Amino acid sequence: MTMRFQRRHSVLPGFGLTLGFSLFYLCLVVLIPLAALALKAASFGWEALWQATTAPRVLASYRLTFGASLAAALVNAVFGLVVAWVLVRYDFPGRRAIDALVDLPFALPTAVAGIALTSLYAETGWLGRPLAALGVKVAFTPLGVCVALTFIGLPFVVRTLQPVLEALDPEVEEAAASLGASRLQSVFRVVLPAIAPAWLTGVALAFARALGEYGSVVFISGNMPMRTEIAPLVIMTKLEQYDYAGATAIAVTLLAASFLLLGAINLLQAWSARRGAVE
């Protein structure tokens, strides 16, 4: 009777209403636009889509987009782990300020980030001038694209790892050390297995975010076809030229890659949940 009374007079709406609203909102915002994109691509015919997605300029943009996104994700995998570890395990002056700065790429408009990075890494910029003296050019090169994608992807790794590291009791590492484990053994046999699912999820999220990045890259890349032109920029160029078939084909390719990454992330989360239940 008590459970019945609580369900009948609950402040929150029932399961049926919330589920229906959730499905309606999901369809309206996500599924219908994506389905429209797929149907639009199918209407052009497979031959036109194949020609659009395999053009030399498009293939060059794929190589840069996927290659730079992977490189940025790997860099964030290392430094994101270091930043998250320092923020969780150490208390030092300015820790809260640094923790807040991690979210800066989320709050900063991407165009502003692109202009700032371009000014900073140009040959006359604060960092670009000493790098140019060493023979390293960042702005208007593929390296500049990697820098921009690293900047926007770092928060995904840090914010995914932080809750897991906070839940990881330091006493586990102390117990491993008391049993004779070295620091490297504690890291590779105690810490990394515990954070691996969240770590891989954060890296996959950073990689997926980098695939569709436009604003922060379009300024620092230089937009040179076959060299520093990313796939989202090719989509915008084709739309400006009223080449809707070509733009749709490239968009569907990036969408398929995002779906594959989404599936991989869900599998990682399911594996992590099963692993935690077994333990």
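For the structure, check the block above.
Residues numbered from 1 in each chain as written. Predicted model: local features only at pLDDT ≥ 70, side-chain atom pairs only at ≥ 80, totals over all residues. Heavy atoms only, no water.

## What about the overall build of the protein chain?
Quick note on the threshold: Runs of H or I in DSSP of at least four residues are treated as helices and runs of E of at least two as strands, each being numbered from the N terminus. In this scheme, a residue with accessible area under 20% of its type's maximum is buried, one over 50% is exposed, and one in between is partly exposed, where area comes from a 1.4 Å probe on protein chains only. The contact criterion used throughout is that any non-hydrogen atoms of two residues lie within 4.5 Å.
A tally of regular secondary structure across the protein chain gives 14 helices and zero strands. In the protein chain, the succession of helices and strands from N to C terminus is α-α-α-α-α-α-α-α-α-α-α-α-α-α. Each of the three principal axes of the protein chain carries a C-alpha extent, and together these read 65 × 60 × 30 Å. Expressed as a percentage of its 279 residues, the buried residues of the protein chain come to 35%. In the protein chain, once contacts between residues fewer than 6 apart in sequence are set aside, the share between residues at least 24 apart is 73%.

## Points about the environment of K40
Position of K40 relative to the elements: it lies in helix α2 (residues 15-43). A residue is classified by how much of its surface remains accessible, and K40, at 43% relative accessible area, is partly exposed. Placed 209 residues apart in sequence, K40 and A249 show a C-alpha to C-alpha distance of 9.3 Å.

## With respect to the nonpolar core
Applied cut-off: Buried residues of nine kinds, namely Ala, Val, Leu, Ile, Met, Phe, Trp, Tyr and Cys, make up a nonpolar core once their side-chain atoms join them within 4.5 Å.
Grouped together as the largest cluster of nonpolar side chains are 23 residues, with contacts concentrated most on L161, L165 and I195. For this core, the elements supplying multiple residues, two or more each, are α4 (56-89), α9 (142-167), α11 (183-211) and α14 (244-278). In terms of residue count, α11 provides more of this core than any other element does, eight residues in total. Beyond its immediate sequence surroundings of up to four residues, L161 is in contact with G80, L81, A84, I195, A198 and W199. Among the nonpolar cores identified, the runner-up in size contains 17 residues, and V138, A148, L149 and V218 belong to it.

## A closer look at the pattern of salt bridges
Cut-off, in case you're wondering: When a carboxyl oxygen of Asp or Glu lies within 4 Å of a side-chain nitrogen of Lys or Arg, that pair is called a salt bridge.
In total, this model carries five salt bridges according to the counting rule given. Put simply, D103 and R159 hold a salt bridge, and the shortest N to O gap is 2.9 Å. Separated by 56 residues along the polypeptide, D103 in the loop between α5 (95-101) and α6 (104-107) and R159 in helix α9 bring together distant segments of the chain. Looking at D103, the relative accessible area reads 29%, which means it is partly exposed. When the shortest N-O distance is used, the salt bridge between D243 and K238 registers 3.4 Å. Residue class for D243 comes out partly exposed when judged on its relative accessible area of 28%. Residues participating in the shared-partner salt-bridge network are D99, D103 and R159.

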